[in-house]
Every structure is written in structure tokens, then in C-alpha cells.
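A structural walkthrough
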Amino acid sequence: MEEPILGHDEVVSCEWETRRKYSGETGIGYSADTVSRRPIAGSDDYFDRLLEIRLALARELARDANVLDVGCATGIHLFDLAPGFKRAIGLDFSFPLVKRALETRTQMAANVDFVEGNARCMPFCDGSFDFIYSFSSLYYMPNVGEVIREICRVLAPGGRCLIELGNSRSLNAIVTDAYPELARSFHIPVSQMNKALSDAGLKAVAHRAFQILPYWGERPRRLDFWLHPAWKRRFEKCLAGRMIDEWICSFPWFRNFAFRHVFVCVKK
């Protein structure tokens, strides 16, 4: 069963509420000081390793390219990746986050710029970018298929994108729903992810899955067993160059219940 498509008014309402939470005014941690971070070098922590994996993929795929980061926040990752890019633009809907990115830009990278805008209607011409990536942002966008179509529109023919989507049929989705004070999530099942990519005009050439268990949180209490910190400590360990978590998520049955799905796609 696919996730329902929201009407225009409900989409706008959801976007407004998420923007308000990301303004830093609600006191729940979405300020410009805390919303994004760099991985800690040499860390054995699961989420540091996961971030390193995604950054390494983007760095490899985007050499000498014109790049767009969708949901760039304060631009921390874009600044770190920019030396390998021809030109880069970060897009985010939160003015405080874009403002911080612009304030930091002159100290970090001259080939980077930032734009405030809605990912459902990006202020860019067709085929403007050779490479587009989005980390952990599409989870919070209603009717994500519309955003994926926009990504394809502004991607050049033959261009590549790195898209991360969240699975509604995962334990992590249940945990996220138990925290209504956080931004509302819009996760979709894996079958719908593949359909949305194909319908938009993108061909998936690589697909990696992560986070078979949440590895964070204390709610809901019925998941106490699966939320125990011991799981994270075990599954963040590496075996033959990959975390045990990713090995588990690579099996077809488990993949359907892993939370994070990272797709490398080419525009058809």
C-alpha cells in the first residue's frame, strides 16, 4: 500500500510547520548551531561512519561537476566537498540556515553559493546541474515524488544524483513518529521509492540500505528491546570493509525493512 498523496493546502501547512521548527524558535534543536555536523574523524560511532559513507559517495561522484545540495542546512557538508567541484549551490527552505551558510561562505569556499527556496519548485533552469545530492532532507518533504521530479528536471541529461529516502516500513519510522515535537516525517515504502525514481525519469544504478534498527531514541516503550544501546554497538562494527548493519540490510528480505535507502541514479 502506497503512502497517500496530500492535497495542496495540507502540503503547504506541513511545510510551514517544518519551516517554523527549523527556524530555531521552538527550542527543539533545529537551530543553525545544531542542525548539521561533520563526522568525527576516526570515530567508531554508527552515525559518524554512516555520514562518512555518504560524503565519500558524493565526493567520488561529483568530481569537476556543477553540483546542487538539496536541503543543505548551514552548508557544512558542501563546504567540505566543494574543493572537488567546479561550482556548487546549496538550496534550503530555512532562511536562518541559509543566512548562516552565506555568512560562512567567504571564509570557506569561493565556488559555493546558497539559495533559499522550495525543493518542490526549485529556482533553477532545466538541466542546470551535473550532479545533485540530498542527505536526510527528503524524509521531511510531503509528496516526495514531486521533489524527485524537480531533481530530475534540473539535472542535466546523463547527470547523476545521490538521493537518500526513508522507509515507512521500518522500526526507525515507528520511533520517529513517537516524537511529534520533531519535524513531521514523510517516509515511503521501498517499492514506492523505486517507482518514484523511475516515474521521474531516473535510473537507479546503485542502491545501498542502512539502519535495520533505530540506534537512537527511547520511545515507544514497546520497542525497548530493539532500542537497547547494545544493538548499535554490535551493528556499527565493520566486517570486510562494511558495517555489520549494512551487511544485514543487503539481504533482500531485510532490505525491505531497513530505514535509510541511498540511491545513485542517472537521468535517463
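Placed above this text is the structure.
Residues numbered from 1 in each chain as written. Predicted model: local features only at pLDDT ≥ 70, side-chain atom pairs only at ≥ 80, totals over all residues. Heavy atoms only, no water.

Here we look at the environment of alanine 32
Inspection of the secondary structure puts alanine 32 in the loop between α1 (8-21) and α2 (46-61). Along the primary structure alanine 32 and threonine 74 are separated by 42 residues, whereas in three dimensions their C-alpha atoms are 6.5 Å apart. Leave out the neighbours within four places in its chain, and alanine 32 touches Thr74, Pro96, Leu97 and Arg100. (Helix = DSSP H or I, 4+ residues; strand = E, 2+ residues; numbered from the N terminus. Contact = heavy atoms within 4.5 Å.)

Considering the packing of aromatic side chains
A complete count under the given rule lists 16 aromatic pairs for this structure. Summarising the aromatic geometry, the rings of phenylalanine 225 and tryptophan 226 are spaced 4.8 Å apart at their centres and angled 80° between planes, so their arrangement reads as edge-to-face. The exposure class of phenylalanine 225 is exposed, given its relative accessible area of 54%. By relative accessible area, which is 35% here, tryptophan 226 ends up partly exposed. A ring pair is formed by phenylalanine 225 and tryptophan 231, whose centres lie 5.5 Å apart and whose planes are at 75°; its orientation type is edge-to-face. A residue is classified by how much of its surface remains accessible, and tryptophan 231, at 17% relative accessible area, is buried. An aromatic cluster of at least three residues, connected via ring pairs, comprises Tyr46, Phe47, Tyr215, Phe225, Trp226, Trp231 and Phe235. (Phe/Tyr/Trp six-rings, centres within 6.5 Å; stacked < 30°, edge-to-face > 60°. Buried < 20%, exposed > 50% of the residue type's maximum accessible area, 1.4 Å probe, protein only.)

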